[in-house]
Amino acid sequence: MTLISFVVPAFRVQGYLRECLDSILGQPYGDLEVIGVDDASPDGSGEILTEYADRDPRVRPVRLAENVGLGPARNVGLDRAVGEYVWFVDGDDWLVPGCLPHVADRLRATRPDALIVDHIRAYWDNVGVRSAMSEVFPAPPGAVTFQLRDRPETVRLLHTAWNRVVRREFLAERELRFAPGWYEDVSFSYPVLLAAERIGVLDRICLNYRQRRTGAITRTQGDRHFEVFAQWHRVFELMDRWGPEVAALRPAIFERMIWHYLTVLGNGARIAPELRPAFFARVHEDYVRLLPPEDYPVPPGLDGVKHRLVAAGRWRTFSALRAAHRAEEHARRSVRRVRRRVLPVARRAARGARDGVLGEYYRAELRRPLDENLAVYAAYWYRGYACNPAAIYAAARRLAPQVRGVWIVRRDRVASLPPGVEYVIAGTRDYYRVLARARWLINNVNFPDHVRKRAGSVHIQTHHGTPVKVMGLDQQRYPLGAVGMDFAALLRRMDRWDYSVTSNSFSTQMWERAYPAGFTSLEVGYPRNDRLALATPAQCRQARAELGIDPDATVVLYAPTHREHLPGWRPPFDPDRMREVLGPSGRVLVRSHYFHDRDRRPRGATSDGVLDVSAHESVEKLYLAADVLVTDYSSTMFDYAVLDRPIVVYAPDWDAYRVTRGVYFDLLAEPPGAVALDFSALLDVFRSGAFGAEPAEQARQRFRARFCALDDGHAAERVVRRIFIDEPV
């Protein structure tokens, strides 16, 4: 028999589900199954479950015809489980690496009905908060089991389904299942503890409980939080049914109920002000109706005061106490903010008078009406006319001519602009004016921190690649690749986004995970790839001619990515040796990452048949000119795949890169073509012709099906119709 069945319900968790599944399937323990329940999720969660099932037989996906909610979805998984134990793991949480052998050892050694494991609250700012395990059990119980009446303090552990591994036959014998509605954990987890003959505790952190910045029920206001009352009523109804068996535990359970009610009531992200009096009244009603005859352990201090006010039904006093406490907290935070601002204010005062004047001008312009027909474009920190914003700009000129497009560029990049493109120079009065007055702001990176999001303005983040390496807040886990990053500022910048343009469902999932904000994803393909999808043979010949390359030459484009964790390091690559392997008709184009344009090195031919094209204004033209792309972890592979030409992954530092910089998927397991792990192997790929052989071709087609399905030549049009013309995508 399989030891553990993981039941993973999935609803709107596409940004996190891969990490959850990887954390289970990647454990150094294989006696498990994963039942992924797609609860009619409107995002890509169901496709992710199917994808994992296709490559790992331990994954069994279930697709529900309609959304039933978390509790019933868990029941569906429970009914299909075959394991001796069941572990309900939510699709946005993830296991700690290496925890499962310890769980399995404890299960086999003690055979508990329920094994409670420790967890950590993992916040989006990379802060982890320990659970109450060490407070509840200052001395860990060890490898023993007990009943709840012997250790009643166990009820003070968080009442969730995912921090306990439960014996499946025990659940069937006691007919314990999840009820529908919110707070479904309450009416499952407490009855499990009450009914279990053998409870175990594993004092080891096994699960990361993700504290989502957006999208979580615990951060959603509404009257559905009143469903908590029905869940607690189910607990007491079971206790009434079980009678003397659990009577002695009623006071402890009652105290937990009042604690939970007050926790929900005190959370402003859940109960809106206008609903608090009614919620408090329900708490008072349950207090009076369910109070144990023998009383219960009232907590000390302020919490005890709250309990007594609930008992008396004194909402006004309770509310006044809460307001006073909040005012005190606000005062303390204000003092801390003032202290933090002293130094920045001093620094700002030391800046030049010109910056102060321009700042005042910008603030004055912010008070003027928006220009309803003005769109501001930028790319790569004002490096020029490029990437997705350029494609959207061109499509807007054709489809929405009423919109006036203005580009922001650095002074040294003005000459690179195409004729007829209106622009302003970064840092000038005109720059601040258009930033303040534009209705639309389109960028493939973030605008500077000083840019304010105005009511009525629309910010479009187009990004500039499908992510291989981790991005955004996920970089907090890989500090070597995030040196100097201000994640608090990043949060403020992403909160300006109204739309996030994505090239495929994978990108949508990763951007929603890396940038947890309230934007709307436009999964339409990459506008910059329209040019590639619609390219003609004549355009390809023209691209070669502009580079001085013969039509019959074999052209290899080498385009590595930047290593943030290794500044200045370049992968070992000898273009002259590559040129020799290609033969007399071979040509090698070398393009460094755009970050390296700061080096100001001269560009051009380095030797016969080798050309440094790092300064070339259009990477798309380089794609058209090339027969083969060689890259490592760069997003160029996703763009070039649109052309359906050979791609070679050259990854000499793969192991170090994925550990220090972090990656979103195993590039070596799902490559777009042939793979080489050192330069000698790379040369062999070309000597043998493996770069164009059938295995490489099949890998590329799988890659294209996954990442390039939307790149049909009309992505820019879809963006323009959505954001400028307000047509649905």
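Residues numbered from 1 in each chain as written. Predicted model: local features only at pLDDT ≥ 70, side-chain atom pairs only at ≥ 80, totals over all residues. Heavy atoms only, no water.

### Comments concerning helix α7 (residues 186-195)
Which entries qualify depends on this criterion: Each residue gets one of three labels from its accessible area relative to the maximum for its type: buried under 20%, exposed over 50%, partly exposed in between, using a 1.4 Å probe on protein chains only. Counting from the N terminus, the helices are DSSP H or I runs at least four residues long and the strands are E runs at least two residues long.
Extensive coverage of α7 is indicated by the burial of 10 of its 10 residues. Restricting attention to buried positions, one finds in α7 the residues Val186, Ser187, Phe188, Ser189, Tyr190, Pro191, Val192, Leu193, Leu194 and Ala195.

### Examining the sheet that holds strand β14 (residues 458-461)
What counts here: Here, strands pair whenever DSSP counts at least two bridges between them. Lines fitted to C-alpha atoms define the axes, with helix axes restricted to the stretch in contact, and inter-axis angles between N-to-C directions lie between 0 and 180 degrees. Note on definitions: a residue-residue contact is assigned when non-hydrogen atoms from the two residues lie within 4.5 Å.
Taken in spatial order, the seven strands make up an open sheet running β12-β11-β10-β13-β14-β15-β16, and their pairing is parallel. Strand pairing shows two members of the sheet lacking a second neighbour, β12 (423-425) and β16 (520-523), which therefore form its edges. Each neighbouring strand pair of the sheet contributes to a mean axis angle of 25°, computed without reference to strand direction. Where strand β10 (residues 371-378) and strand β13 (residues 438-443) come together, five bridges link them in parallel fashion. By the bridge assignment for β13, alanine 378 is matched with asparagine 443. Seen against the sheet, helix α15 (residues 429-437) touches β10, β11 (404-409), β12 and β13 and runs at an angle of roughly 105° to β13. Helix-sheet contacts for helix α26 (residues 715-723) involve β13, β14, β15 (499-502) and β16, and the interaxial angle to β15 is about 165°.

### Description of the packing of aromatic side chains
What counts is decided by this rule: Ring geometry is summarised as follows: Phe, Tyr and Trp rings, the Trp one being its six-membered ring, pair when their centres sit within 6.5 Å, and such pairs are stacked at plane angles under 30 degrees, edge-to-face over 60 and tilted between the two. Two thresholds decide whether a charge sits over a ring: the Lys NZ or Arg CZ must be within 6 Å of the ring centre and within 35 degrees of the ring normal.
Evaluated as defined, the whole model comprises 45 aromatic pairs. Ring plane angle 40° and centroid distance 5.7 Å describe the contact between tryptophan 511 and tyrosine 515, whose orientation is recorded as tilted. Of the two residues, tryptophan 511 and tyrosine 515, neither departs from the other in class, the shared state being buried. One aromatic cluster in this structure is built from Phe506, Phe638, Phe665, Phe703 and Phe707. The ring centre of tryptophan 259 lies 4.3 Å from the NZ or CZ of arginine 256, which sits over that ring. The ring of phenylalanine 229 has arginine 282 sitting right over it, with the charged end atom 4.5 Å from the ring centre.

### Remarks on the packing of α7 against helix α8 (residues 227-242)
To keep things clear, this is the line we draw: If an angle is under 35 degrees, it is roughly parallel; if it is over 145, roughly antiparallel; if it lies from 65 to 115, roughly perpendicular; otherwise it is oblique. Working rule for handedness: look at the near helix, and if it is turned counterclockwise from the far one by less than a right angle, call the crossing left-handed; if clockwise, right-handed. Polar here means any residue outside two lists: the nonpolar Ala, Val, Leu, Ile, Met, Phe, Trp, Tyr, Cys and Pro, and the charged Asp, Glu, Lys and Arg; Gly therefore counts as polar.
Relative orientation of the contacting elements α7 and α8 amounts to 25°, with a least axis distance of 8 Å. When the axes of α7 and α8 are compared, the pair comes out roughly parallel. Relative to α8, the crossing made by α7 is right-handed. Residues Val186, Ser187, Tyr190, Pro191, Leu194 and Ala195 of α7 form the contact with α8, whose participating residues are Gln231, Trp232, Arg234, Val235, Leu238, Met239 and Trp242. When the residues that make up the contact of α7 with α8 are grouped by side-chain class, the tally is 10 nonpolar, two polar and one charged.

### Details of the nonpolar core
The condition is simple: Residues enter a nonpolar core if they are buried and are Ala, Val, Leu, Ile, Met, Phe, Trp, Tyr or Cys, with the set joined through side-chain atoms within 4.5 Å.
Within the largest apolar cluster, 68 residues are counted, with the highest numbers of intra-cluster contacts made by Trp232, Ile253 and Phe279. The greatest single-element share of this core, amounting to nine residues, is contributed by helix α9 (residues 250-265). Setting aside its immediate chain neighbours within four residues, phenylalanine 279 contacts His225, Phe226, Val228, Phe229, Tyr261, Val264, Leu265 and Ile271. Core analysis: the second largest hydrophobic core is formed by 54 residues, Phe519, Val619, Ile647 and Phe707 among them.

### Here's the deal with the pattern of salt bridges
Note the cut-off: Salt bridges are identified by distance alone: a Lys or Arg side-chain nitrogen within 4 Å of an Asp or Glu carboxyl oxygen.
A full pass over the atoms with the stated rule returns 52 salt bridges. Residue arginine 413 pairs with glutamate 617 through a salt bridge whose shortest N-O separation is 3.3 Å. Taken as a pair, arginine 413 in the loop between β11 and β12 and glutamate 617 in the loop between β20 (610-612) and α21 (619-625) lie far apart in primary sequence, 204 residues in all. Close ionic contact of aspartate 655 with arginine 658 constitutes a salt bridge, the shortest N to O distance being 3.4 Å. Here aspartate 655 pairs with arginine 658, and both are found in helix α23 (residues 654-660), just three residues apart, close to one helical turn. On the accessibility criterion, arginine 658 (35% relative accessible area) is partly exposed. Each member of the salt-bridge network shares a partner with another, and the members are Arg18, Glu51, Arg55, Glu670 and Arg706.

### What about the environment of arginine 256?
The residue arginine 256 is located in helix α9 in this model. Take arginine 256: its relative accessible area is 8%, and that puts it in the buried class. Here the alpha-carbon distance between arginine 256 and isoleucine 460, two residues 204 residues apart in the chain, equals 46 Å. For arginine 256, the contacting residues outside a window of four places in its chain are Val155, Arg156, Tyr190 and Trp232.

### Overview of the environment of leucine 321
Along the chain, the position of leucine 321 falls in helix α12 (residues 315-350). When the C-alpha positions of leucine 321 and lysine 306 are compared, they lie 8.8 Å apart, and in sequence the two are 15 residues distant. Apart from the residues lying within four places of it in its own chain, the contact partners of leucine 321 are Leu302, Val305 and Leu309.

### Structural notes on the pairing of β16
In regular strands, side chains alternate between the two faces of the sheet. Heads up, the rule is: Classification remark: right-handed applies to a crossover when, strands pointing away from the viewer, the course from the first strand over the helix to the second runs clockwise.
Across four bridges, the pairing between β15 and β16 is parallel. Each residue of the ladder has a partner; that of valine 501, found in β16, is leucine 522. Taken together, β15, helix α17 (residues 505-514) and β16 constitute a β-α-β crossover, and its handedness is right-handed.

### Considerations on unusual backbone geometry
The phi angle at arginine 111 is positive, at roughly 50°, despite the residue not being glycine. Mapped onto the elements of the fold, arginine 111 is located in the loop between α4 (100-110) and β6 (114-123). The backbone of cysteine 387 shows a phi angle near 60°, a positive value even though the residue is not glycine.

### Re the confidence of the model for the protein
Just so we agree on the cut-off: What pLDDT expresses is the predictor's confidence in each residue, scored from 0 to 100.
Here the protein averages 91 in pLDDT, and 94% of its residues register 70 or above. Confidence over residues 596-605 falls short of pLDDT 50; this stretch has 20 contacts with residues more than four positions distant or in other chains.

### Remarks on the state of the cysteines
What counts is decided by this rule: Note on terminology: disulfide denotes any pair of cysteine sulfur atoms within 2.5 Å.
Per the counting criterion, the structure on display carries zero disulfides. Note on cysteine 206: no disulfide assigned, nearest cysteine sulfur contributed by cysteine 99 at a separation of 4.4 Å. Taking relative accessible area as the criterion, cysteine 206 reaches 0% and is therefore assigned buried. The thiol of cysteine 387 is not disulfide-bonded; the next cysteine sulfur, from cysteine 708, is found 15 Å away. Of the residues examined, cysteine 387 reaches a relative accessible area of 8% and is grouped as buried.

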